[in-house]
Each structure stands twice: as C-alpha cells, then as structure tokens.
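Okay, here's what each chain looks like letter by letter:
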Amino acid sequence: MPRADFYLIDKPRFREQPLLLVCELARKAHDAGLWTLVLARDAAQAEALDDLLWSFDDDAYVPHQIAGDDEEDAECPVLIATPEMDIALRPLLLNLRDDAPSGEFERVLEVVPADPAARAPLRERWKQYLALGFDVKKYDM
C-alpha cells in the first residue's frame, strides 16, 4: 500500500527556516538507504535547498544534486527536481510543490507550513491521498 506522510512544521527552528525540515527528512531517507526525489516548487527553492543541504549540519553528509545530468542523476541518492524537469520518479518523493505528484511511487512526504492559512490545500491533498488508497499519517515537527 502506498504511503503519504505529512510533516507539520511546529518547532521554532523549522518555523524560521522550513527548508531545514526538508534537509532533516532527506538525511533520514539517505541514512535509511532510500533513494529520494525532492520535488522543488521552483528553481530558486531548488538552489536554496541545494545550498542548505551542504551546510545544515556539520556532522551530516547528504549526497545530493539538482537534476540535469542523466548519468550523474542515476548515481545520486538525493535528487532535486524543478517542475520543468522531466525526471523519472523514485520510490520516495519529498513533495514541496502545490499539487500532489502523479505516477508510480511507494511513499510521499509532504511538508505542511506553520501558517494555518496555508494548510487548506494540504488538507485537500490529504483527502486526495486517502481516496487513492494511501496509508496517510501526520507527524508534528
């Protein structure tokens, strides 16, 4: 059964820098040996995440890159893609976009903003995943 996990931003450090939670999730996925595709909202977000993944924790190394080189992309455990890129999905997706991903994957992680007004689209996405038969869970971060 496919799975959708919603991570609600709650802790002050994630409220101040939401992409920090994305880095933590990417690190956990890498540490678990899960090849991950991060679906960035746009090129600016992809660049910001790429930079932050190098510096968010002095003791962590998360091999990653922005997609664009098919040969290198296939060897990179954490790949960051912008909407205009035609990238094959991986079993684990970390979705930062406004819409739910479509296609074949086993698990999707959704980051939910701290701002209650911004949560309405994600509530609808929760319902969408349920309707598609996903096992849906929520975590306060």
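A brief look at the structure comes next. Since the structure is predicted, the reported quantities are computational estimates derived from the model, not experimental observations. (Residues numbered from 1 in each chain as written. Predicted model: local features only at pLDDT ≥ 70, side-chain atom pairs only at ≥ 80, totals over all residues. Heavy atoms only, no water.)

A word on the state of the cysteines
- Across all of its chains, the model carries zero disulfides by this definition.
- Take Cys 76: it sits in no disulfide, and the sulfur closest to it among the cysteines is that of Cys 23, at 14 Å. (Disulfide = S-S within 2.5 Å.)

Comments concerning the pairing of strand β5 (residues 92–95)
- Residue alternation in β5 divides its side chains into two sets, Leu 92 and Leu 94 and Leu 93 and Asn 95, and both sets are buried.
- When strand β2 (residues 36–39) meets β5, the two strands line up parallel, connected through four bridges. Looking at β5, one finds that Val 38 is bridged to Leu 94.
- Where β5 and strand β6 (residues 107–112) come together, four bridges link them in parallel fashion. (Buried < 20%, exposed > 50% of the residue type's maximum accessible area, 1.4 Å probe, protein only. Helix = DSSP H or I, 4+ residues; strand = E, 2+ residues; numbered from the N terminus. Pairing = 2+ DSSP bridges.)

Some words on the pairing of β6
- Of all six residues that make up β6, six are buried, and the element is covered over most of its length.
- By the alternation rule, side chains of β6 split into Arg 107, Leu 109 and Val 111 and Val 108, Glu 110 and Val 112, which are all buried.
- By the bridge criterion, six bridges tie strand β1 (residues 3–8) to β6 in an arrangement that is parallel. Within β6, the position partnered with Asp 5 by the bridge is Leu 109.

Details of helix α3 (residues 43–55)
- With 13 residues, α3 extends 19 Å between its outermost C-alpha atoms, agreeing within 8% with the 18 Å of an ideal straight helix rising 1.5 Å per residue.
- The complete set of buried residues in α3 reads Gln 45, Ala 46, Leu 49, Asp 50, Leu 52 and Leu 53.
- Those residues of α3 that are buried lie in contact with α2 (18–31), β2, β3 (64–66) and β4 (78–81).
- Regarding α3, its N-cap is Asp 42, as a side-chain oxygen of that residue lies 3.2 Å from the backbone nitrogen of Ala 44 further along. (Expected span 1.5 Å × (residues − 1). Contact = heavy atoms within 4.5 Å. Polar contact = N/O pair within 3.5 Å; in protein donor to acceptor, adjacent residues only side chain to side chain.)

A look at a negative patch on the surface
- A cluster of like negative charges, contributed by Asp 69, Asp 70, Glu 71, Glu 72 and Glu 75, occupies part of the molecular surface.
- Relative to the helices and strands, Glu 71 is located in helix α4 (residues 70–73).
- Since its relative accessible area comes to 64%, Glu 71 is described here as exposed. (Patch = residues over 30% accessible without salt bridge, like charges linked within 9 Å, V, L, I, M, F, W, Y side chains within 5 Å. Areas by Shrake-Rupley, 256 points an atom, 1.4 Å probe, with all protein chains shown as cover. Salt bridge = Lys/Arg side-chain N within 4 Å of Asp/Glu carboxyl O. Lys, Arg positive; Asp, Glu negative; His and termini not counted. Charge placed at Lys NZ, Arg CZ, Asp CG, Glu CD.)

Digging into the sheet that holds β6
- Sheet architecture is open: seven strands sit in the order β3-β4-β2-β5-β6-β1-β7, paired in parallel fashion. Taken across any chain shown, the strands that pair with only one partner, and hence form the sheet edges, are β3 and β7 (135–140). With strand direction ignored, the average angle separating the axes of adjacent strands in the sheet is 20°.
- Here four bridges tie β2 to β4, and the two strands are oriented parallel to one another. By the bridge assignment, Leu 37 is partnered in β4 with Leu 79. (Axes fitted to C-alpha atoms, helices over the stretch in contact; angles between N-to-C directions.)

Section: the environment of Val 22
- Within the secondary structure layout, Val 22 lies in helix α2.
- Here Val 22 falls in the buried class, since its relative accessible area comes to 2%.
- Taking the C-alpha atoms as reference points, Val 22 and Ala 44, 22 residues apart in sequence, are found 15 Å from one another.
- Residues in contact with Val 22, not counting those within four places in the same chain, are Val 38, Leu 49, Leu 94, Leu 96 and Val 111.

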